[in-house]
Amino acid sequence: MNARISAPHLATATACIKALDTQQTVPVYIPSSETSPVLRDLGNGLHVVYLMETEHGLVYVQNHELQRHGLTEDQLFEIGVNNLRNRSDDKARLKQFGPIYGMLLDNMFEASLILRDDLWDDTLAHLAPNGFVAALPARDTLAVCDAASKDGIATLKAMTSRAFAAGKSHLLTPSLYLRQQGKWVRMG
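Residues numbered from 1 in each chain as written. Predicted model: local features only at pLDDT ≥ 70, side-chain atom pairs only at ≥ 80, totals over all residues. Heavy atoms only, no water.

K.L.:
Would you take a moment to explain the environment of D151 for this structure?
P.N.:
Looking at the secondary structure, you find D151 in helix α5 (residues 150–165). Among the residues examined, D151 registers a relative accessible area of 57% and is labelled exposed. Measuring from C-alpha to C-alpha, the distance between D151 and I100 comes to 8.6 Å, with 51 residues separating the pair along the chain. (Helix = DSSP H or I, 4+ residues; strand = E, 2+ residues; numbered from the N terminus. Buried < 20%, exposed > 50% of the residue type's maximum accessible area, 1.4 Å probe, protein only.)

Okay, structure coming up:
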């Protein structure tokens, strides 16, 4: 469906994590096409796409929308992360499961919470004095532990393996990510 999108809809764009790994079931989009979704490569196997609210539900922001409204990809990223923050500020919850913590939100944007630098570098930093390791096997799953926790890392690996073995819907990546100098870096 090609709904005509107006600028107010573009203002609702929310940043959403995608993994465009050839081993995944996620379709690979060609960013050069005007009708392809806008992609931001995070340089670690993860990408950001943007979902905006329309009368037809959530749809991807396409490249031609940026051109039509005179926005840069950096401006869209800022809008998307701000909208993710607004969507999650009073709703996101952190729950401890043994040596790991799970982020709970809305069964859609949990994994995208890794884009909120303020959570990892400020709000939750006290939980991981050695830095965070994160698992985001599916869009509705984000779990973290302290980088020095062998049990936590083993639990994250097991959780991720179970998600992929079960064929969970909306799979993202089997990789774990380490937070280093304000960025998420793929481990091993």
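K.L.:
Is there a simple way to explain the packing of aromatic side chains in this structure?
P.N.:
Think of a pair of aromatic rings as described by two things: how far the centres are apart, and how the planes are tilted against each other in angle. Taken as a whole and judged by the stated rule, the model has two aromatic pairs. Between the aromatic rings of W120 and F132, the centroid separation amounts to 5.1 Å while the plane-to-plane angle is 75°, which identifies the pairing as edge-to-face. Here the residue W120 occupies a position in helix α4 (residues 117–123), and F132 occupies one in strand β7 (residues 132–138), the gap between them amounting to twelve residues. For F132, a relative accessible area of 2% gives the class buried. A centroid spacing of 5.7 Å and a plane angle of 80° characterise the contact between W120 and W184, whose relative ring orientation is edge-to-face. With W120 in helix α4 and W184 in strand β10 (residues 183–186), the pair connects residues that are 64 residues apart, well separated along the chain. (Phe/Tyr/Trp six-rings, centres within 6.5 Å; stacked < 30°, edge-to-face > 60°.)

K.L.:
Could you clarify how one ought to interpret the sheet that holds strand β6 (residues 100–104) in this entry?
P.N.:
Strands belonging to one sheet form pairs held by backbone hydrogen bonds; the direction of such a pair is parallel or antiparallel. As summarised here, the arrangement of the six strands in space is β5-β6-β8-β7-β9-β10, forming an open sheet in which the pairing is antiparallel. Both outer strands of the open sheet, β5 (93–97) and β10, are each paired with one neighbouring strand and no more. Within this sheet the neighbouring strands show an average axis-to-axis angle of 30°, counted without direction. On the sheet, α5 packs against β6, β7, β8 (141–146) and β9 (176–180) and is oriented at approximately 10° with respect to β7. (Pairing = 2+ DSSP bridges. Axes fitted to C-alpha atoms, helices over the stretch in contact; angles between N-to-C directions. Contact = heavy atoms within 4.5 Å.)

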